[in-house]
Amino acid sequence: MKLYNFFNSLLTHMGDKKNDLIEALSPRNSPTSDERRSLTGDADLLKEAVPERVTIESTYKGPHLTQPLTSDSIHTLIDAFKKKKVLHVKYVYMVLREAVRVLKQRPSLAQASTAISRQITVCGDLHGKLDDLITILYKNGLPSTDNPYVFNGDFVDRGRKSMEVILLLLVLMCVFPAEVYLNRGNHEDMVMNARYGFCKEVSSKYKGPHGPRVLRLLEEVYRWLPLGTIIDNKVLVVHGGISDDTDLHWIASIDRSKYTSVLRTPAVTQHNDDDDSSGHNRHSRSGGGGGREEEEEESETCREVRMLSVNYEWKQVLDLLWSDPQTAEGCRPNTFRGGGSYFGPNVTRSLLNRHGLCLLIRSHECKPEGYEVLHDNKCITIFSASNYYDDGSNRGAYVKLQGPGLEPHFVQYMADTKTKRLTLRERVGRMETSAIRELRGQIMASRTRLLEAFKGHDPGDTGQIALNDWVTTMEKHSHLNLPWRVLREKLVTLDPTTGLVNYNSTFTEGNVDKDILEKSGPTVIEALYRQKSNLETIFRLIDRDNSGNISMEEFSEACSLLSQHTDDPMPKEEIIDLARSIDLNKDGFIDFNEFLECFRIVDTLHKDEEEEDD
């Protein structure tokens, strides 16, 4: 209960103080973050992740690789991965280290040419779908001088073969460095990996000390992935998109390696005035107090300028990886994703004209047919993970740019599954089912507010209201801009006699018990639904090393910092006790499920208390 009250107070202020909380939890504001980095041996993880120090067990039955990597290495990996073999950690270290070496030689905006090949293939999100990657290589051929590729980010997460996908892509790049270009996506980020499954996959495949070392090497790979690729000075390929602030000249000059996670603003380097014209500075200090004050004012101004520069640069990177196109003109914040922008046709035209380009290719969004063309044919979305939501839900695609004009030609496919081939209607139905499941969670987060509004239209307490009243209520109180009249048949039932909506059915078949107690205020479970994304944000910020688990030290330190932003601070002794109580399996760490479990437990306590009162 204390923990719930503490975080509930925190979440109450989350909306208007979110940036303050993020700032409070940022590593540079933590008095012991440098100490923890040395204690956890972050630098040592890289030193220890050396293939020469690893011995291959006699029981190992997987593939073997040698240096230098060759086309034979590619065939070896494909054959082994098809047979569900896991690559030995010795070879994982070897591949990741070689990939970092190759990537470090590349600019932030890579330059690809079709002068020899006369064509190039661009692939979108793969998300751990090994079958899709193998399908692409089978249909389109392995990379070569005549067959170059751009893989446009989001190689990992969600799919079960993320490790195999990224390893195969990195080997392709190492063997064909002039023919394979890899862009960074928003999921090439350990904060995302901790939430969407890749960290867990790595830990399950590489036990003991090897798991953290592999993750640390992968983080190095992420840091050095280019932010985009320009083909023949005509086509820009980035993962997410652009905004009206996007400046390709600025992006080309960015030190991308400092963005270990794009979800966190990089720290501003504090310049030491003593190192700049030290004699002059000493002379200034030996003068009167006025000189000292002017110096401090100038130093503060410099810090502010550096902060503005850092934030502008960070937004440039965030927009490239997180943005989405919109059909309307203009540019606005991408509130759905919480990062990046929505950009319209005029924004696409402006950027292309400003930089002498003719086409923008991006990924980042699943499309039923695997691709979509927008903005007067100037913006292409390409998505290469088929069966993304469910078996048969969508096709994957890649686009081949051919000829001197780089004309786009789309190739669609669907990786083999055990299900029968579905019609377009059936595939859309599967996507809808997944979307409705997510929508029900959003509705449950607003249950109390919606129910109160429904009852306002039902003075006789019949449990039924007119369809127009139901639609109006959903539009006004759900805060979701959706076609509720169209969705009605998916969400609620009508009385066959009166034709009125049974408004209580709005909350059935949801993700929580149907008998949630109806009280004047929101239940704890509702608070959990409503604030889940904010809780995940807090969890990721507390999880400084992006391991997917919070250590006792991380939890205690973060709670102490957060206490400064709540009206219900906790003493340090209570924080330690709470941390131990959340650690349900007593392994010394708190994972996200344990983090949320306290809310479920509190909800159960509330129910038990109210049942006793009854």
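Residues numbered from 1 in each chain as written. Predicted model: local features only at pLDDT ≥ 70, side-chain atom pairs only at ≥ 80, totals over all residues. Heavy atoms only, no water.

Attention now moves to the overall build of the protein. Helices and strands together make up the secondary structure of the protein, namely 23 helices and 19 strands. A total of 614 residues make up the protein; the buried ones form 51% of that total. With an accessible surface of roughly 29,500 Å², the protein has 49% of that area assigned to carbon and sulfur atoms. (Helix = DSSP H or I, 4+ residues; strand = E, 2+ residues; numbered from the N terminus. Buried < 20%, exposed > 50% of the residue type's maximum accessible area, 1.4 Å probe, protein only. Areas by Shrake-Rupley, 256 points an atom, 1.4 Å probe, with all protein chains shown as cover.)

Moving on to the nonpolar core. Taken as a class, soluble globular proteins show a tendency for nonpolar side chains to be buried jointly. Counting residues in each nonpolar core, the largest one holds 62 residues, and the members touching the most others are L87, F151, V214 and L218. For this core, the elements supplying multiple residues, two or more each, are α5 (71-82), α6 (89-104), α7 (130-140), β3 (149-151), α8 (162-175), β4 (180-182), α10 (198-205) and α11 (210-224). For this core, the element with the highest residue contribution is α8, accounting for 12 residues. Every residue in contact with V214, bar those within four places of it in the chain, is listed here: V89, V92, Y93, L96, M163, V202 and Y206. If you look at the next biggest cluster of nonpolar residues, it comprises 24 residues, including L351, L352, L360 and C379. (Core = buried A, V, L, I, M, F, W, Y, C linked by side-chain atoms within 4.5 Å. Contact = heavy atoms within 4.5 Å.)

Spatial ordering of the open sheet is given by β15-β17-β16, a layout of three strands whose pairing is antiparallel. With partners counted over all chains shown, the strands left at the sheet margins are β15 (464-465) and β16 (493-494), one partner each. The pairing of β16 with strand β17 (residues 501-502) spans two bridges and is classified as antiparallel. Residue L494 lies in a different strand from β17, and its bridge partner there is V501. (Pairing = 2+ DSSP bridges.)

This part takes up unusual backbone geometry. Residue P68 is reached from Q67 by a cis peptide bond, and omega for that bond is 0°. Inspection of the secondary structure puts P68 in the loop between α4 (42-48) and α5. Look at K84: it is not a glycine, yet its phi comes out positive at around 65°. Of note, K84 is situated in the loop between α5 and α6.

The subject of this paragraph is the sheet that holds strand β8 (residues 331-333). In spatial order, the strands read β7-β9-β8; together these three strands make up an open sheet with mixed pairing. Either end of the sheet is taken by a strand with one partner, and the two such strands are β7 (324-325) and β8. Taken together, the three bridges between β8 and strand β9 (residues 341-343) define a ladder with antiparallel strand orientation. Across the sheet, residue P333 finds its bridge partner in β9, namely S341.

What follows covers the packing of helix α17 (residues 447-456) against helix α18 (residues 467-477). Where α17 contacts α18, the two axes come as close as 10 Å, and the packing angle between them is 145°. You can see that α17 and α18 cross each other, and the crossing is right-handed. Residue-level contacts link R449, L450, A453 and F454 of α17 to W470, T473, M474 and H477 of α18. (Axes fitted to C-alpha atoms, helices over the stretch in contact; angles between N-to-C directions. Left-handed = near helix turned anticlockwise from the far one by under 90°.)

For the rest of this paragraph, the subject is the pattern of salt bridges. Counting across every chain of the model gives 18 salt bridges. With a closest N to O distance of 2.8 Å, K205 and E201 form a salt bridge. Here K205 pairs with E201, and both are found in helix α10, just four residues apart, close to one helical turn. K205 gets classed as partly exposed once you look at its relative accessible area, which sits at 22%. E201 sits in the buried class, given a relative accessible area of 8%. With a closest N to O distance of 3.2 Å, D245 and K315 form a salt bridge. Of this pair, D245 sits in the loop between β6 (235-237) and α12 (248-252) while K315 sits in helix α14 (residues 289-322); the two residues are 70 residues apart in sequence, bridging distant segments of the chain. Among the charged side chains, a salt-bridge network with shared partners connects D324, R337, R362, E365, K367 and E372. (Salt bridge = Lys/Arg side-chain N within 4 Å of Asp/Glu carboxyl O.)

Tallied over the full model, the rule gives eight aromatic pairs. Put simply, the rings of F454, Y503 and F507 pair up and form one aromatic cluster. Positioned above the aromatic ring of Y196, the side-chain terminus of R158 is 4.6 Å from the ring centre. Here the basic side chain of R447 rests over the ring of F507, its NZ or CZ set 5.0 Å away from the ring centre. (Phe/Tyr/Trp six-rings, centres within 6.5 Å; stacked < 30°, edge-to-face > 60°. Lys NZ or Arg CZ within 6 Å of the ring centre and 35° of its normal.)

Next up on the list: the confidence of the model for the protein. Any residue range with low pLDDT should be treated as having predicted coordinates unsuitable for detailed reading. Considering every residue of the protein, the mean pLDDT works out to 79; 70% of them sit at 70 or more. This stretch, residues 25-41, has a pLDDT under 50; its non-local contacts, to residues over four places away or in other chains, come to 25 contacts. Within the model, pLDDT remains below 50 along residues 601-607, and this stretch shows 10 contacts once partners closer than five positions in the same chain are excluded. (pLDDT = per-residue confidence, 0-100.)

Our next topic: the packing of α18 against helix α19 (residues 484-491). Two numbers describe how α18 lies on α19: the axes approach to 10 Å, and their chain directions differ by 105°. By the criterion of interaxial angle, the relationship of α18 to α19 is roughly perpendicular. When α18 is examined against α19, the residues L467, N468, W470, V471, M474 and E475 are found in contact with a partner set consisting of W484, R485, R488 and L491. Within the contact of α18 with α19, the residues separate by chemical class into six nonpolar, one polar and three charged. (Parallel < 35°, antiparallel > 145°, perpendicular 65-115°, else oblique. Nonpolar A, V, L, I, M, F, W, Y, C, P; charged D, E, K, R; others polar.)

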